[in-house]
Amino acid sequence: EAQVTQNPRYLITVTGKKLTVTCSQNMNHEYMSWYRQDPGLGLRQIYYSMNVEVTDKGDVPEGYKVSRKEKRNFPLILESPSPNQTSLYFCASSLNNKGSYEQYFGPGTRLTVT
Amino acid sequence: GESVGLHLPTLSVQEGDNSIINCAYSNSASDYFIWYKQESGKGPQFIIDIRSNMDKRQGQRVTVLLNKTVKHLSLQIAATQPGDSAVYFCAENRGTSGSRLTFGEGTQLTVNP
């Protein structure tokens, strides 16, 4: 089944404890992206990657890191999480052909930082 | 500044009626727009998209209309069903190859039986 998977789905952590949220897609998509979703603010892009070893900042990159060492994986790293990073996180991927830029979203990771 | 927003945060319709969800955008240079549906506890799911060189595009029970003159986008859902209850987001593309989607805040559609 074609899908985007994220792990973990739920995470409660403490301020300053490094964490990684994994994202994997099995559709051979070139493009991948991370978003956070907060009430009243909608989905905001954190980082995106056009291909392996090519990453760029989105609208809210502060406090996050990403890497794209292989096509299928795009982990999101929080080196020193803070309470304002409590949010619902979504990973997405896209084939990115010229006809459509449809992004396929993962199920989400709900992160709470205390 | 650049933004994509929705006129109404909630919309309630009767089953079988047609629904219209609106979206206003401010970036006249945006070349691509997309509608997503998000059910409770799930990630957004693609509904339909439209490029800026089109005014209308139809899918299965859904139609997207684009009015570039007033920078307005709408999603029409025909014969709305209870399974259509969800939050609907519009998004505009600001980057190359669909890389920078800006999402609106969403409209909660509730379908009453």
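In this report, we go over the structure that sits alongside the text. Only a predicted model underlies this, so the values are computations on that prediction, with no experimental measurement involved.

Calculation rules
- Residues numbered from 1 in each chain as written.
- Chains lettered and ligands numbered in written order.
- Predicted model: local features only at pLDDT ≥ 70, side-chain atom pairs only at ≥ 80, totals over all residues.
- Heavy atoms only, no water.
- Pairing = 2+ DSSP bridges.
- Helix = DSSP H or I, 4+ residues; strand = E, 2+ residues; numbered from the N terminus.
- Contact = heavy atoms within 4.5 Å.
- Salt bridge = Lys/Arg side-chain N within 4 Å of Asp/Glu carboxyl O.
- Buried < 20%, exposed > 50% of the residue type's maximum accessible area, 1.4 Å probe, protein only.

With respect to the sheet that holds strand β7 (residues 65-66) of chain A
Residue and element names in this part refer to chain A.
1) Next: Taken in spatial order, the four strands of this open sheet run β1-β3-β8-β7, and their pairing is antiparallel. Looking at the sheet topology across the chains shown, the edges are occupied by β1 (4-7) and β7.
2) Next: As paired elements, β7 and strand β8 (residues 76-78) share two bridges and run antiparallel to each other. Of the residues in β8, the one forming a bridge with V66 is L76.

Details of the interface of chain A and chain B
1) Next: Contacts between chain A and chain B engage 25 residues on the former and 22 residues on the latter.
2) Next: Connecting chain A to chain B are one salt bridge.
3) Next: We note a salt bridge from R100 of chain B to D59 of chain A, for which the minimum N-O separation is 2.7 Å.
4) Next: Those elements giving two or more residues to the side of chain A that touches chain B turn out to be β4 (31-38) and β5 (42-51) of chain A.
5) Next: The leading source of residues in the side of chain A that touches chain B is β5 of chain A, at five residues.

So, the side chain of T13 of chain A
Residue and element names in this part refer to chain A.
1) Next: Here T13 shows up in strand β2 (residues 10-13).
2) Next: Owing to a relative accessible area of 8%, T13 belongs among the buried residues under this scheme.
3) Next: When sequence neighbours within four positions are dropped, the list of residues in contact with T13 reads L19, L111, T112, V113 and T114.

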